Amino acid sequence: MKLGFRKKKITSADDAENLAKNVSLSVFVGGEENLDALFSALPAGAEIIPVSADITSEKDGITVRASGTYPAGKYILFAHSDITGDAAEFFSSLAEHDEELVLFKKTAGFARGEESPDIAEHILRREKKYRLYDFGFALSSELYSRALPFCGELPEGNILLPAFLLAKSTLFLAYAPFQSFSASETRAAQQIRRLVNFFADIRRQLDPLRYRYLFNIVCECAICAYASLVKENNKEELRDLDVFLKQENLALRVAADERAPLNFIRSLRKRDFSPSLPIRAAAAVTLFNWK
């Protein structure tokens, strides 16, 4: 049964700005989390916003808002699972920081709660230990407002990639406040068009280093999309993908040709997208290496 309390719905960034001084943290929840544990870990002044159905629980000092409410917190994060013992300390630590993007993860070589301000450099250099989608994240209200318009083309509206690309400052904190998080890099063939469109939308906002980082990501995803379709023996989709890349971003298509293992994309094109055994082997290697 719903409790009889009123929820003020914030519908715009302007409304959120009026409350930001009083709201320490906004947490989007999906509805399957242990809300009692989350309530206990959150600092006073935090707010919870359900992603879909409204939440019927409440606790003094924590505001529960209606689904669809625009977040008003200094920082915004997404709860994808139940919290851990790190949660309360991590949530409280955010009040001490002003970086636009805070990445978090329990990482070997870092003491619990240890900071690393050069995390963005490691990610942009694409070091295996620092893959963007291996981290959870919290972002400032200002960054949320700037990144949100670029989410429409991304799978499931994933905000992490545009937030990282647009952040003016990024910090790493060695905490694991949630048991898991669901942000994931998507290389599925059906998503590559959306990723290419996202690249077209955001590229003018990026400095050369971030532009190159995103170009390389999209190129790898394009190669993986070709490989996935080879595995499915989907000639029509392969042909359509090739035409799409030629029309939308020829430089990306050329780069994918040059970087594909054993030149399997060029070989596909010569064979009118009928995969041979060597092409299938190259596609399999591609998918294995980029799991």
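For the structure itself, look to the data block above.
Residues numbered from 1 in each chain as written. Predicted model: local features only at pLDDT ≥ 70, side-chain atom pairs only at ≥ 80, totals over all residues. Heavy atoms only, no water.

Draft legend 1. Structural context of the pattern of salt bridges. In the structure shown here, the tally under the stated rule is 14 salt bridges. Residue R239 pairs with E236 through a salt bridge whose shortest N-O separation is 3.0 Å. Here E236 and R239 lie together in helix α9 (residues 235-248), a separation of three residues that amounts to about one turn. Via salt bridges that share partners, D242, R253, D257 and R269 belong to a single interconnected network. (Salt bridge = Lys/Arg side-chain N within 4 Å of Asp/Glu carboxyl O. Helix = DSSP H or I, 4+ residues; strand = E, 2+ residues; numbered from the N terminus.)

Draft legend 2. Examining unusual backbone geometry more closely. The phi torsion at R126 lies on the positive side, around 60°, for a residue other than glycine. Inspection of the secondary structure assignment puts R126 in the loop between α4 (119-124) and β7 (136-140). The backbone of F273 sits at a positive phi, close to 65°, despite the residue not being glycine. The class of F273 is buried, set by a relative accessible area of 5%. (Buried < 20%, exposed > 50% of the residue type's maximum accessible area, 1.4 Å probe, protein only.)

Draft legend 3. Structural context of the packing of aromatic side chains. Counted by the stated rule, this structure contains 14 aromatic pairs. For the ring pair F78 and F137, a centre distance of 5.9 Å and an interplane angle of 45° mean the geometry is tilted. In this pair, F78 sits in strand β4 (residues 75-79) while F137 sits in strand β7, placing the two residues 59 residues apart along the sequence. The class of F137 is buried, set by a relative accessible area of 7%. Between the aromatic rings of F110 and F172, the centroid separation amounts to 5.0 Å while the plane-to-plane angle is 65°, which identifies the pairing as edge-to-face. Of this pair, F110 sits in the loop between β5 (101-104) and β6 (115-116) while F172 sits in strand β8 (residues 170-173), and the two are 62 residues apart along the sequence. Here F172 falls in the buried class, since its relative accessible area comes to 2%. (Phe/Tyr/Trp six-rings, centres within 6.5 Å; stacked < 30°, edge-to-face > 60°.)

Draft legend 4. The sheet that holds β8, seen in detail. Spatial strand order, β3-β2-β1-β4-β7-β5-β8-β6: eight strands in an open sheet with mixed pairing. Of all the strands in the sheet, the pair left with one neighbour each is β3 (63-64) and β6. Judged from the four bridges that link them, β5 and β8 form a sheet pairing that is parallel. Across the sheet, residue F104 finds its bridge partner in β8, namely L173. (Pairing = 2+ DSSP bridges.)

Draft legend 5. Here's a closer look at the pairing of β4. Taking burial as the measure, the five residues of β4 include four buried ones, the bulk of the element. Pairing analysis gives five bridges linking strand β1 (residues 25-29) to β4, with the strands arranged parallel. Counterpart to L25 in the pairing with β4 is Y75. Summarising the sheet, β4 and β7 pair through three bridges and their orientation is antiparallel. When the sheet's bridge partners are listed, L77 is paired in β7 with A138.

Draft legend 6. Layout of the pairing of β7. When you tally the buried positions in β7, you get five out of five residues, the bulk of the element. Neither face of β7 is open: one carries G136, A138 and S140, the other F137 and L139, and all of them are buried.

Draft legend 7. Molecular detail of the packing of α9 against helix α10 (residues 250-259). Closest axis-to-axis distance for the α9/α10 pair is 5 Å, and the angle between their directions is 130°. With respect to α10, the axis of α9 lies oblique. Listed contacts from α10 to D242, L245, K246 and E248 of α9 are L250, L252 and R253. (Axes fitted to C-alpha atoms, helices over the stretch in contact; angles between N-to-C directions. Parallel < 35°, antiparallel > 145°, perpendicular 65-115°, else oblique. Contact = heavy atoms within 4.5 Å.)

Draft legend 8. Representation of α10 in the model. Of the residues making up α10, those classed as buried are L252, R253, A255, A256 and D257. Looking at the packing, one finds that the buried side of α10 touches α7 (192-202), α8 (208-232), α9 and α11 (264-270).

Draft legend 9. Expanded view of the side chain of N249. On the secondary structure map, N249 appears in the loop between α9 and α10. Using a relative accessible area of 8% as the deciding quantity, one classes N249 as buried. A polar contact is formed between the side chain of N249 and the backbone nitrogen of L252, at a distance of 2.9 Å. Ignoring sequence-local partners within four residues, the contact set of N249 consists of F199, R203 and F244. (Polar contact = N/O pair within 3.5 Å; in protein donor to acceptor, adjacent residues only side chain to side chain.)

Draft legend 10. Molecular detail of the packing of α8 against helix α12 (residues 277-289). Remark: α8 packs on α12, axes separated minimally by 9 Å, with the N-to-C direction vectors making an angle of 125°. Compared by their axis directions, α8 and α12 come out oblique. Like other packed secondary-structure pairs, α8 and α12 cross with a definite hand, here left-handed. In this structure, α8 contributes I223, C224, A227, S228, V230 and K231 to the contact, and α12 contributes I279, R280, A283, T286 and L287. (Left-handed = near helix turned anticlockwise from the far one by under 90°.)

Draft legend 11. Examining α9 more closely. For α9, spanning 14 residues, the distance from its first C-alpha to its last is 20 Å, which sits close to the expected 20 Å at 1.5 Å a residue. For α9, the complete set of buried residues consists of L238, L241, D242, F244 and L245. One side of α9 holds all its buried residues, which, seen down the axis, span an arc of 160°. Summarising the geometry of α9, the exposed residues directed more than 90 degrees from the buried face are E236, K246 and Q247. Contacts made by the buried residues of α9 are with α7, α8, α10 and α11. (Expected span 1.5 Å × (residues − 1). Arc of directions from axis to C-beta.)

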